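Examination of the molecular architecture
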Amino acid sequence: MARVPVPEDNQAQVLILSRRRCCICYGLHRDVEIKRGQIAHLDRDNTNYDMDNLTFLCLVHHDEYDGTTSQSKGLRGSEVKQYRQLLYDTITAGVLLAGDKRATVATPSISGDILSVFWERARDAKGNPEPRNSNLFVRLKLVNHEDVPCTVDKYWLTLEIGGHERRCLGYPSKAGKLQYHRPPDNAEVETDVYPLTINYQTPLKLALSREGWVTFHIVECDMPNPSAPFWLMQNIKMAVVDSLGTEHIIGHSSVTVFPATVQLAGIPREPEPLIFDGELQVLHIDTHSVLARLYIVNSSDNQRYVRTVTASVEMGGVRSKLKPVDDFRWEGSRTRNMEHGWSRKGDLRSVNYPEPLRPLFPDLSPVALNPGEPRIGWVHFKVSEESHSGPSINLLEALDPDTLLFSIVDSTGKEYPITKTTETKPDGFISLRHAS
Ligand SMILES: [Zn+2]
């Protein structure tokens, strides 16, 4: 077919609308370079110069488009029209400036897939079924197509049940196990449920897909035929909202839903990452005090705060908390200006002039530790009648030193027990010195 020239004003309009950017380059590669190109007829009919049928394409893509037969999986007209719309929208939005090599994109672009959907009748706190309430467990995969790391703050699901459209909010599932019957042989299959975790520490970044489960609670709504082995849920639409507030539609118009049994409690989870580690190096107990030299280290990748260190011990079979003391004074003294000190073994001078004990935290105040940063020092706890929560007993006889337990407390109040003890004997002993 002979090429019919496109009327001048339509040609000019296409060039102006596209700013001589190829919409396939843009749609597929976000390439917004000005290209040498031609105006293409999307229906491949050279006489149809309707604006909707025209687009500016680079020479490579024009060749490729015209060489595509309708049977092949090559570029389609409808596809190119979408790219053209994207390009025009971007230009209209003013994101694209003349001479830009790359468009600056300020928002994440998230697409996704609903990998599987399971239904379970909701149960109340006593485990009794709630007839018209349901939980939908959706296994979801999300990808961010732009280099704008973001979190996903909301999950929306819109579904049509019994002619009514329902919109419900989801949240990342808890971890657990899910059982369902898989066709065609009706075999019982067990699968893990784990939350879709996208938070500020692990944002959704360019081209990295994230997979996980989201739970939707649907109240006052009858499910179509829960006794069927599975059913097709029509007109299901899902959206996620990123941290910038943009809603992204996740595909699928209908999904297969399987009834399932889900157990989210009492499932062994991945061990939580250890943030603080510690070791008991030297322990000293006298009539009124528990003194310990502890080694603690921040084993995480971030700076962390240690709020305090706690101690507890069994006295007469009852575990009691010990009271922390912010100095090393010796309570048993007739005079108050004696304190505990450290004497080296075999060093007579040191026995006469014990070293002061270096506190783990000065004044018991919280400290910040950098990743991998260790800290060694002494802590002092008082053993007294108040420490003991059980019936009255002779404390020192009742106290079982083997049950002493020290814990590091982080800024959120979470405790990390110190379970390790230095094997080697201490190189000295606690003695008394004059307090300064
Ligand atoms: Zn191109």
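Rules used in this analysis
- Residues numbered from 1 in each chain as written.
- Predicted model: local features only at pLDDT ≥ 70, side-chain atom pairs only at ≥ 80, totals over all residues.
- Pairing = 2+ DSSP bridges.
- Helix = DSSP H or I, 4+ residues; strand = E, 2+ residues; numbered from the N terminus.
- Expected span 1.5 Å × (residues − 1).
- Buried ≥ 20, exposed ≤ 12 C-beta atoms within 10 Å, placed from the backbone.
- Arc of directions from axis to C-beta.
- Contact = placed C-beta atoms within 7 Å.

Right, let's talk about the pairing of strand 16 (residues 304–315) for a bit. Where strand 16 and strand 21 (residues 367–369) come together, three bridges link them in antiparallel fashion. Residue pairing across strands places Val-306 opposite Val-367, the latter belonging to strand 21. Looking at chain direction, strand 16 and strand 17 (residues 318–321) are connected through four bridges and run antiparallel. The residue of strand 17 that forms the bridge with Met-315 is Val-318.

Attention now moves to helix 4 (residues 77–92). Here helix 4 is 16 residues long and its end C-alpha atoms lie 22 Å apart, about the 22 Å a rise of 1.5 Å per residue gives. Those residues of helix 4 that fall on the buried side of the exposure criterion are Val-80, Tyr-83, Arg-84 and Leu-87. The buried residues of helix 4 occupy one face: seen down the axis, they fall within an arc of 105 degrees. Projecting away from the buried face of helix 4 at angles above 90 degrees are the exposed residues Ser-78, Gln-85, Asp-89 and Thr-92. Turning to helix 4, the residues buried within the fold contact helix 1 (8–18), helix 2 (23–29), strand 2 (54–58) and helix 3 (59–66).

So, on to the environment of Ser-243. Its location among the elements puts Ser-243 in the loop between strand 11 (237–242) and strand 12 (247–250). The exposure class of Ser-243 is partly exposed, given the 17 C-beta atoms found within 10 Å. For the pair formed by Ser-243 and Thr-107, sequence separation is 136 residues and the distance between their alpha carbons is 9.7 Å.

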